Each structure stands twice: as C-alpha cells, then as structure tokens.
Amino acid sequence: MDFTALPKGDFTLANVTVPACLIGQEGDLLRTDLGVKDGMIAAPGAIAVDMKGAMVFPAFVDMHTHLDKGHIWGRAPNPDGSFMGALETVGADRAANWSAEDVRRRMEFSLRCAHAHGTRAIRTHLDSSPPQYSISFPIFRELQADWAGRIELQAANLIHSGLGGLDGPLPEIAAEVGKTRGGVLGLVTNPSDDLADVLRDFFSLAEKHGVPTDFHVDETMDASVETLRTIAEVVIETGFQGGVVVGHCCSLSVQDEARAMDTLDLVAKAGIDVVSLPMCNLYLQDRTPEGTVRTPRRRGVTLVHEMRARGIRVSFSSDNTRDPFYAYGDMDMIEVMREATRIGHLDHSRADWVTSFLTDPAATCGFDAPSLEVGAPADLVICRARSWTELFARPQADRIVLREGRQIDRTLPDYSELDDLMESA
C-alpha cells in the first residue's frame, strides 16, 4: 500500500494501532479497525485498507501558542538566548514592526503549518500592551472567520500584572476580549506586594465579561517566585468559577519539596488547570550570562507527575515558534508530544499521557473533544509508526491527515514567503 494515499469516499482503516484510553478501554495500545463514512468515524464496513499497524490519533489541540510573535527570528533573533533577551527583543520588534499586515501574514503562516501537521484547535496569546491589542485582536477575529472549519481558534490577551489593575488599560482590553468569540482574559503574574489585589480585580473583570482566564506563571528558576500560590489562594478566597489555567510554573521545580507540594495541594483545591511548555522552557531556563561557559543543570519542566497524581488536569503545548522566546518549532503537536515525553519522562509512567495533547486541553479550553469513537468527525492523524518507540524515534514526516474523512494537502509553507517581512525591518 502507498501509505500516503487512501481511497476517496467511505473506507475502513483496518489493522490500526490506537491508544486504549481514546476508545474507552484499559491498557496502552490496541489494534482495531476504524470505519470512515460521510466524514465521520463509523463502524467498520466499507472498503478495507490494511494499515499494517499504523498509529491513529484524533487531530490535536494546541492550547498555548503565540501566533503573533511567530517567525520574527529572521529580523529579531535573541541576542543571548536568555529570557530577558527575548523580552527586550520582542518588545523592540513589536514597537517597530507589528502592523496589521505583518501580524496577519505571520499568524497565517503558523496556522498553515499547524493545519498541515494535524492540529484542529488552537488558543493563542496576543501581546496586548497598548496600542497593540487594538491591532492584533481585529486581525485575530478575521483569521478566526477565515479558518472556521479548519482550525478552531481562541485568543487570550497578554499583559503583565503591573498593568493589570482597574486603573490601567486592562478594563479596555477586557472589553476587546469580551467581544471576541472564544476570548480569554490573560495575565503574566509578577511578584509584587499588591498581586492579590490585582488578581481580585482581574477575576472581577473576567466575571463581568463572562470569559475564562489564562495566566503565564513563574517562568523562572528563582525558587522565591511563587505567584502560582497567590493565584490559587485568591481563587479559593473569591470562589471564582469561570475557569483558570496556568502555564509554565517553572519555579516549582526548584522549590523546597514540602512547599511545592503544599502549593500543588492548593492548586488542586482551587480547580486550576496547568499547561506545560517544555520545549520553550528548555530553551530559556538556566542560561548562563554572556561570556560564561557552563552546561545548564536546571531545565524548567514543571511538576507534571505530581500534578496528575493530585487530579490536576495537565496539558502540553507548543508555546513560541521561531521567535526570541524559542528559536525553533513548527506548530507540530507530534513534535511537542515526542519532546514532552523525553523531557518529562512520561514514558514508564501512566498509559494515558496522550490525553494531555488531545482531550485534556480541549476540556480546559472548551473545544469539542477529539475522539476516535463512532460518530465523531473523522479528523485523524495517521502515522506509519506502530508503537510509541517507533512514533517518537522519527518525525513522522509522511503522516496522513484526514479532515472530515478527506486527506488534506500536507505541503508546508516555505519560509521564503516571509522574506520581505524580514527585509523590511
């Protein structure tokens, strides 16, 4: 069989390998048959194609990305690979270059990559320091309409807690979020004496506009930084029920064990979900000052095993793509799954980690749940690999992506399409 070509119309994917947890069964991987009829998953019956054990997944959910930053590396590389280098470089590039046309073209490029790789839903953060939110959110809404039926999109504003009070730009930004379908109120939490007050105001705005919340939290190797704890305490205090997700949470990995576990108990009690971004954290964390030669020791991955053990919903996501916060990446959730497995030692652990790239982020964001059950859309990613070790050993560049049962063109956009944006900077 030509692995990259399937029949048109209805057919049965015979002899495929699927994660047992995605079809409601116990165990790790199972062999089964999946029917495709009228664009939906159906009982086997139509033309059978022997897939020789190929692995099948529902299309993926990428719940923490930065489409507006994507692909600026060519004109704005990180000078030293550090977090501060990324922050300052992006800030300068945003002020100089982030017109509506620039943002649209780079976001569209990333969406084309994600679609080709097999992603069906994305939440992106949008830099929202004034006046950028008034440029990026309208562009996002246009793309949201343009991509309907291919990728479901949500957007969260990105602003630092120093601007998060009611006397700053946040109320106006919250109104912009509130009128955006799938809008999410976002905040980067920095340690400060008034953080709890800022969070109370922040949650009140989220309630006013009826939107969930999404935080960038403790993206540092400084063990004294524990804004995650403050978020959990304020959620418990206020009883906020609108939905809270926190990303990064790197400082947990270097905190005193008892303190970190106590914080996680609060997170579980507060009902907070977590998204881990291991590729970006690996790139930025424990960088040494320029001119110093030292191998990184502490890599920033948060305590995902301890979280899952407490019933905390954990997801993994792409984060940044070819920008100063992460020089690499291609909006490919199989790459994210492969690297998260290696970095976080998800192997030799529980058999259902695959849900952290599919159903868990969908549940956190409120996207339709990816499924391999009969009656679900036949939005599938099919890989030649027959086992986890085969899947993660190669990039699966020859995978098949089906949307509504039809094979899509997986041609990736060429980087040269953005050359003029890099040259104009």
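Residues numbered from 1 in each chain as written. Predicted model: local features only at pLDDT ≥ 70, side-chain atom pairs only at ≥ 80, totals over all residues. Heavy atoms only, no water.

## Re the overall build of the chain
Spelled out, the test is: Counting from the N terminus, the helices are the DSSP runs of H or I reaching at least four residues and the strands are the DSSP runs of E reaching at least two. Put simply, the radius of gyration uses C-alpha atoms, and a globule should come to 2.2 Å times the residue count raised to 0.38. Type-normalised accessible area, obtained with a 1.4 Å probe on protein chains alone, sets the label of each residue: buried when under 20%, exposed when over 50%, and partly exposed for intermediate values. Whether two residues are in contact is decided by their heavy atoms, any of which lying within 4.5 Å being enough. Residue burial considers only the protein chains on display, and all accessible areas are found by Shrake-Rupley using a 1.4 Å probe. Here the positive residues are Lys and Arg and the negative ones are Asp and Glu; neither His nor the chain ends is included. To locate a charge, the coordinates of NZ of Lys, CZ of Arg, CG of Asp or CD of Glu are taken.
Each helix and strand in the chain was counted, giving 13 helices and 16 strands. Relative to the compact-globule value of 22 Å for 425 residues, the chain shows a C-alpha radius of gyration of 21 Å, a close match. Within the chain, the fraction of its 425 residues that count as buried is 57%. Taking all contacts inside the chain whose residues are at least 6 apart in sequence as the whole, residues at least 24 apart take part in 78%. A total accessible area of about 16700 Å² is found for the chain, and carbon and sulfur atoms account for 49% of it. Here the chain carries 41 positive and 63 negative side-chain charges, and the mean point of each set is 4 Å from the other.

## Here we look at the sheet that holds strand E11 (residues 244-248)
The cut-off we apply is this: DSSP-based pairing: two strands are paired if at least 2 bridges between them are found. To obtain an axis, a line is fitted to C-alpha atoms, over the contacting stretch when the element is a helix, and the angle between two such axes runs from 0 to 180 degrees between their N-to-C directions.
Spatial ordering of the open sheet is given by E6-E7-E8-E9-E10-E11-E12-E13, a layout of eight strands whose pairing is parallel. The two strands at the open ends of the sheet, each matched to only one other strand, are strand E6 (60-65) and strand E13 (314-316). With strand direction ignored, the average angle separating the axes of adjacent strands in the sheet is 25°. Sheet analysis places E6 next to strand E7 (residues 119-127), joined by four bridges and oriented parallel.

## Here we look at the pattern of salt bridges
Put simply, the rule is: Just to be clear on terms, a salt bridge is a Lys or Arg side-chain nitrogen sitting within 4 Å of an Asp or Glu carboxyl oxygen.
Applying the stated criterion across every chain yields a total of 31 salt bridges. In this structure, Asp 146 engages Arg 104 in a salt bridge whose closest nitrogen and oxygen atoms are separated by 3.5 Å. Of this pair, Asp 146 sits in helix H3 (residues 132-146) while Arg 104 sits in helix H2 (residues 100-117), and the two are 42 residues apart along the sequence. Take Asp 146: its relative accessible area is 43%, and that puts it in the partly exposed class. Here Arg 141 makes a salt bridge to Glu 176, at a shortest N to O gap of 2.6 Å. With a gap of 35 residues between them, Arg 141 in helix H3 and Glu 176 in helix H4 (residues 170-178) connect regions that are remote in the sequence. Taking relative accessible area as the criterion, Glu 176 reaches 10% and is therefore assigned buried. Members of the salt-bridge network, linked through shared partners, are Arg 75, Asp 93, Asp 102 and Arg 106.

## Re the pairing of strand E15 (residues 400-403)
With burial as the criterion, each face of E15 is covered, one bearing Ile 400 and Leu 402 and the other bearing Val 401 and Arg 403. Bridging between strand E14 (residues 380-383) and E15 involves three bridges; their strand directions are antiparallel. Residue pairing across strands places Leu 380 opposite Leu 402, the latter belonging to E15. Where E15 hands over to strand E16 (residues 406-407), the hairpin turn is made up of two residues, of which Glu 404 adopts a positive phi near 50°.

## So, unusual backbone geometry
Note on backbone geometry: most residues besides glycine have negative phi, and most peptide bonds are trans. Each neighbour pair has its own omega, and for Pro 130 with Pro 131 the value is 5°, a cis peptide bond. Structurally, Pro 131 is set in the loop between E7 and H3. Positive phi values are uncommon outside glycine, yet Asn 15 reaches one of about 60°. For Asn 15, a relative accessible area of 27% gives the class partly exposed. Look at Asp 218: it is not a glycine, yet its phi comes out positive at around 50°. Tracing the sequence through the fold places Asp 218 in the loop between strand E10 (213-217) and helix H6 (227-238).

## Remarks on the UniProt feature "domain: Amidohydrolase" (unreviewed entry) in the chain
For the record, the criterion: UniProt positions are given in the numbering used here, feature names are shortened, and annotations may be inferred rather than shown by experiment.
Here, the residues flagged by UniProt with the feature "domain: Amidohydrolase" (unreviewed entry) are residues 49-96 and 196-406. End C-alpha atoms of residues 49-96 are separated by 53 Å, and the span's content is 29% helix alongside 25% strand.

## Observations regarding the packing of aromatic side chains
Our working rule: Centres within 6.5 Å make a pair out of two Phe, Tyr or Trp rings, where for Trp the six-membered ring is used; the pair is then stacked when the planes are under 30 degrees apart, edge-to-face when over 60, and tilted otherwise. Our definition puts a charge over a ring when NZ of Lys or CZ of Arg is within 6 Å of the ring centre and also within 35 degrees of the ring normal.
Counted under the stated rule, the structure contains 14 aromatic pairs. Taking the centre distance of 6.0 Å and the plane angle of 25° together, the rings of Phe 109 and Tyr 415 count as stacked. Of the two residues, Phe 109 sits in helix H2 while Tyr 415 sits in the loop between E16 and helix H13 (419-423), which places them 306 residues apart along the sequence. For Phe 109, a relative accessible area of 2% corresponds to the buried category. Residue class for Tyr 415 comes out partly exposed when judged on its relative accessible area of 43%. On the numbers, 5.2 Å between centres and 15° between planes, the contact of Phe 316 with Phe 357 is stacked. Placement of the pair is Phe 316 in strand E13 and Phe 357 in the loop between helix H10 (333-344) and helix H11 (359-365), with a sequence separation of 41 residues. The two residues Phe 316 and Phe 357 agree in class, both being buried. Taking NZ or CZ as reference, Arg 94 lies 6.0 Å from the ring centre of Trp 98, over its face. Sitting over the face of the ring of Trp 147, Arg 150 holds its NZ or CZ atom 3.7 Å from the ring centroid.

## Here's the deal with empty space enclosed by the protein
Put simply, the rule reads: Both site types are read off a 1 Å grid over the protein atoms alone. A 1.4 Å probe that fits but cannot get out defines a cavity, while an open set with protein on both sides within 12 Å along at least five of seven lines defines a pocket; lining residues have an atom within 4 Å of a point. Grid points are joined across faces, edges and corners, and a volume is the space filled by probe spheres set on the points. Charged residues are taken to be Asp, Glu, Lys and Arg, nonpolar residues to be Ala, Val, Leu, Ile, Met, Phe, Trp, Tyr, Cys and Pro, and polar residues to be all remaining types, Gly included.
Throughout the structure, instances matching the rule amount to one cavity of 30 Å³ or more. Taken as a whole, the largest cavity spans an internal volume of roughly 30 Å³. Each residue belonging to the lining of the largest cavity can be placed in one class, and the counts come to four nonpolar, four polar and three charged.

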